[in-house]
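Take a look at the letters that make up each chain.
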Amino acid sequence: MKTLIFLGLAVSFFLCSQLKADEKKLPEGQKIFLKYGCNECHTVLAASIGKSDKKSTDDEEEAAEKENEAIKPPDLSNIGNEKKGEWVDLYLRKKEAIEGRKHKKRFKGNKEEKTTLVEWLGTLKTVPEVKDTKTDGKKAK
Ligand code: HEC
(Lines give C-alpha, C1' and ligand atoms only; values in the text may rest on other atoms or scores of the structure.)
Protein backbone atom coordinates (compact mmCIF):
# COMPACT_ATOMS: atom_id res chain seq x y z
CA MET A 1 0.00 0.00 0.00
CA LYS A 2 2.79 2.43 0.93
CA THR A 3 4.50 1.81 -2.39
CA LEU A 4 1.24 2.54 -4.22
CA ILE A 5 0.86 5.89 -2.47
CA PHE A 6 4.47 6.67 -3.17
CA LEU A 7 4.02 5.80 -6.85
CA GLY A 8 0.89 7.91 -7.06
CA LEU A 9 2.71 10.88 -5.57
CA ALA A 10 5.67 10.40 -7.85
CA VAL A 11 3.41 10.31 -10.90
CA SER A 12 1.52 13.45 -9.92
CA PHE A 13 4.77 15.28 -9.20
CA PHE A 14 6.00 14.25 -12.60
CA LEU A 15 2.81 15.44 -14.31
CA CYS A 16 2.93 18.75 -12.45
CA SER A 17 6.49 19.44 -13.49
CA GLN A 18 5.61 18.59 -17.08
CA LEU A 19 2.77 21.10 -17.02
CA LYS A 20 5.00 23.79 -15.62
CA ALA A 21 7.62 23.12 -18.25
CA ASP A 22 4.95 23.53 -20.91
CA GLU A 23 3.86 26.90 -19.59
CA LYS A 24 7.40 28.15 -19.53
CA LYS A 25 8.29 26.83 -22.94
CA LEU A 26 8.08 30.13 -24.79
CA PRO A 27 10.43 32.92 -23.73
CA GLU A 28 8.64 36.24 -23.12
CA GLY A 29 10.45 37.87 -26.02
CA GLN A 30 9.24 35.17 -28.37
CA LYS A 31 5.66 35.68 -27.22
CA ILE A 32 5.99 39.38 -28.03
CA PHE A 33 7.49 38.52 -31.41
CA LEU A 34 4.41 36.43 -32.19
CA LYS A 35 1.98 38.89 -30.61
CA TYR A 36 3.10 41.72 -32.89
CA GLY A 37 3.08 39.57 -36.00
CA CYS A 38 6.80 39.71 -36.71
CA ASN A 39 6.35 36.16 -37.96
CA GLU A 40 4.05 37.42 -40.70
CA CYS A 41 7.28 38.32 -42.47
CA HIS A 42 10.19 36.78 -40.59
CA THR A 43 11.00 33.21 -39.78
CA VAL A 44 13.20 32.24 -36.83
CA LEU A 45 13.95 28.68 -37.81
CA ALA A 46 16.25 28.20 -34.81
CA ALA A 47 13.25 28.81 -32.50
CA SER A 48 10.89 26.78 -34.73
CA ILE A 49 9.04 29.88 -35.87
CA GLY A 50 7.82 29.41 -39.38
CA LYS A 51 6.07 32.05 -41.37
CA SER A 52 2.47 32.68 -40.37
CA ASP A 53 0.02 33.09 -43.19
CA LYS A 54 -2.19 35.47 -41.29
CA LYS A 55 -2.92 38.32 -43.65
CA SER A 56 -2.05 41.68 -42.29
CA THR A 57 -4.69 44.35 -41.94
CA ASP A 58 -2.15 47.06 -41.30
CA ASP A 59 -2.24 49.67 -44.08
CA GLU A 60 1.26 50.89 -43.37
CA GLU A 61 2.60 47.37 -43.79
CA GLU A 62 0.65 46.61 -46.90
CA ALA A 63 1.82 49.77 -48.57
CA ALA A 64 5.39 49.00 -47.55
CA GLU A 65 5.12 45.49 -48.89
CA LYS A 66 3.96 46.68 -52.27
CA GLU A 67 6.48 49.47 -52.42
CA ASN A 68 9.45 47.15 -52.29
CA GLU A 69 8.74 43.51 -52.85
CA ALA A 70 12.29 42.78 -53.93
CA ILE A 71 13.69 42.81 -50.40
CA LYS A 72 12.80 39.66 -48.54
CA PRO A 73 12.58 39.70 -44.77
CA PRO A 74 15.51 37.65 -43.48
CA ASP A 75 15.35 34.72 -41.12
CA LEU A 76 16.34 36.03 -37.68
CA SER A 77 17.94 32.87 -36.27
CA ASN A 78 21.36 34.53 -36.06
CA ILE A 79 20.40 38.14 -35.45
CA GLY A 80 22.12 38.10 -32.02
CA ASN A 81 25.47 37.66 -33.78
CA GLU A 82 24.71 40.06 -36.58
CA LYS A 83 23.38 43.16 -34.89
CA LYS A 84 23.76 44.85 -31.52
CA GLY A 85 20.65 45.14 -29.35
CA GLU A 86 20.99 48.90 -29.46
CA TRP A 87 20.85 48.88 -33.24
CA VAL A 88 17.81 46.58 -33.32
CA ASP A 89 16.08 48.84 -30.82
CA LEU A 90 16.60 51.90 -33.03
CA TYR A 91 15.81 49.98 -36.19
CA LEU A 92 12.45 48.84 -34.81
CA ARG A 93 11.65 52.50 -34.17
CA LYS A 94 12.70 53.44 -37.71
CA LYS A 95 15.66 55.40 -36.41
CA GLU A 96 18.20 53.11 -38.01
CA ALA A 97 18.34 51.79 -41.55
CA ILE A 98 20.00 49.12 -43.66
CA GLU A 99 21.71 50.87 -46.55
CA GLY A 100 19.23 53.70 -46.27
CA ARG A 101 16.24 51.38 -46.01
CA LYS A 102 14.19 51.70 -42.85
CA HIS A 103 12.29 48.78 -41.38
CA LYS A 104 8.86 48.07 -42.81
CA LYS A 105 7.15 47.98 -39.50
CA ARG A 106 7.42 50.29 -36.53
CA PHE A 107 7.20 48.35 -33.27
CA LYS A 108 3.90 49.26 -31.65
CA GLY A 109 4.31 47.71 -28.23
CA ASN A 110 5.37 49.53 -25.06
CA LYS A 111 8.92 50.14 -23.88
CA GLU A 112 9.01 47.08 -21.64
CA GLU A 113 7.87 44.84 -24.45
CA LYS A 114 10.43 46.34 -26.78
CA THR A 115 13.24 45.72 -24.28
CA THR A 116 12.14 42.11 -23.75
CA LEU A 117 11.83 41.57 -27.50
CA VAL A 118 15.24 43.09 -28.25
CA GLU A 119 16.84 41.03 -25.46
CA TRP A 120 15.33 37.85 -26.85
CA LEU A 121 16.48 38.68 -30.37
CA GLY A 122 19.97 39.14 -28.91
CA THR A 123 19.94 35.52 -27.73
CA LEU A 124 19.37 34.20 -31.25
CA LYS A 125 22.78 33.04 -32.31
CA THR A 126 22.34 30.09 -34.60
CA VAL A 127 23.80 30.37 -38.05
CA PRO A 128 21.00 29.22 -40.37
CA GLU A 129 21.66 26.07 -42.35
CA VAL A 130 20.79 27.62 -45.66
CA LYS A 131 23.52 29.93 -46.81
CA ASP A 132 23.57 32.16 -49.80
CA THR A 133 26.42 30.74 -51.84
CA LYS A 134 26.59 33.80 -54.08
CA THR A 135 27.71 36.04 -51.25
CA ASP A 136 30.01 33.44 -49.76
CA GLY A 137 27.74 32.86 -46.77
CA LYS A 138 27.89 36.50 -45.81
CA LYS A 139 24.69 38.43 -46.04
CA ALA A 140 24.70 41.67 -47.93
CA LYS A 141 23.77 44.41 -45.50
C1 HEC B 1 5.84 43.62 -43.38
C2 HEC B 1 6.87 42.63 -43.19
C3 HEC B 1 7.69 42.70 -41.90
C4 HEC B 1 7.23 42.64 -40.60
C5 HEC B 1 5.80 42.50 -40.11
C6 HEC B 1 8.41 42.70 -39.76
N7 HEC B 1 9.54 42.80 -40.53
FE8 HEC B 1 11.45 42.88 -39.85
N9 HEC B 1 12.13 43.10 -41.75
C10 HEC B 1 11.35 43.05 -42.91
C11 HEC B 1 12.20 43.18 -44.08
C12 HEC B 1 11.74 43.17 -45.53
C13 HEC B 1 13.53 43.32 -43.61
C14 HEC B 1 14.80 43.54 -44.44
C15 HEC B 1 14.87 45.01 -44.71
C16 HEC B 1 16.06 45.46 -45.51
O17 HEC B 1 17.02 44.70 -45.70
O18 HEC B 1 16.02 46.63 -45.91
C19 HEC B 1 13.45 43.26 -42.15
C20 HEC B 1 14.54 43.33 -41.29
C21 HEC B 1 14.50 43.11 -39.94
C22 HEC B 1 15.65 43.09 -39.07
C23 HEC B 1 17.11 43.25 -39.51
C24 HEC B 1 17.60 41.91 -40.00
C25 HEC B 1 19.05 41.89 -40.35
O26 HEC B 1 19.53 40.81 -40.73
O27 HEC B 1 19.73 42.92 -40.26
C28 HEC B 1 15.20 42.84 -37.81
C29 HEC B 1 16.03 42.72 -36.53
C30 HEC B 1 13.77 42.74 -37.89
N31 HEC B 1 13.38 42.90 -39.19
C32 HEC B 1 12.96 42.49 -36.80
C33 HEC B 1 11.56 42.48 -36.84
C34 HEC B 1 10.70 42.38 -35.67
C35 HEC B 1 11.20 42.23 -34.25
C36 HEC B 1 9.42 42.46 -36.11
C37 HEC B 1 8.14 42.47 -35.28
C38 HEC B 1 8.02 43.60 -34.37
C39 HEC B 1 9.46 42.58 -37.56
N40 HEC B 1 10.78 42.61 -37.96
C41 HEC B 1 8.36 42.65 -38.38
C42 HEC B 1 9.98 42.88 -42.94
C43 HEC B 1 9.14 42.80 -41.83
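Okay, so let's go over this structure. Bear in mind the structure is a predicted one, so any value in this text is a computation, not a measurement.

### Considering the nonpolar core
And step 1. I32, F33, C38, V44, L76, I79, V88, L92, L117, V118, W120 and L121 form the largest nonpolar core, which has twelve residues in total.
And step 2. Going through the elements one at a time, helix 2 (28-35), helix 5 (85-92) and helix 6 (111-122) are the ones with two or more residues in this core.
And step 3. In terms of residue count, helix 6 provides more of this core than any other element does, four residues in total.
And step 4. Residue contacts for I79: discarding those within four places in its chain leaves L121 and L124.

### Section: the site of the ligand
And step 1. For the ligand, the set of nearby residues contains 26 residues, the closest of which are C38, C41, P73, R101 and K104.
And step 2. Of all the secondary-structure elements, those providing two or more residues to the shell around the ligand are helix 3 (59-67), helix 4 (79-82) and helix 5.
And step 3. The greatest single-element share of the shell around the ligand, amounting to three residues, is contributed by helix 3.
And step 4. Of the residues that constitute the shell around the ligand, the class distribution is 15 nonpolar, three polar and eight charged.

### Quick notes on helix 5
And step 1. By the burial criterion, the buried members of helix 5 are V88, D89 and L92. Each buried residue of helix 5 sits inside an arc of 100° when the element is viewed along its axis, so together they form one side.
And step 2. For helix 5, the elements touching its buried residues are helix 6.
And step 3. Of the residues flanking the end of helix 5, it is K94, one or two places downstream, whose phi is positive at about 60°.

### Side note on unusual backbone geometry
And step 1. Despite not being glycine, S48 has its phi angle at roughly 55°, a positive value.
And step 2. Among the secondary structure elements, S48 is positioned in the loop between helix 2 and helix 3.
And step 3. Although it is not a glycine, E99 adopts a positive phi angle of roughly 50°.
And step 4. Counting through the fold element by element, E99 comes out in the loop between strand 1 (97-98) and strand 2 (101-102).
And step 5. For E99, a count of 7 C-beta atoms within 10 Å gives the class exposed.

Thresholds applied
Residues numbered from 1 in each chain as written. Predicted model: local features only at pLDDT ≥ 70, side-chain atom pairs only at ≥ 80, totals over all residues. Core = buried A, V, L, I, M, F, W, Y, C linked by C-beta atoms within 7 Å. Buried ≥ 20, exposed ≤ 12 C-beta atoms within 10 Å, placed from the backbone. Helix = DSSP H or I, 4+ residues; strand = E, 2+ residues; numbered from the N terminus. Contact = placed C-beta atoms within 7 Å. Near = placed C-beta within 6 Å. Nonpolar A, V, L, I, M, F, W, Y, C, P; charged D, E, K, R; others polar. Arc of directions from axis to C-beta.

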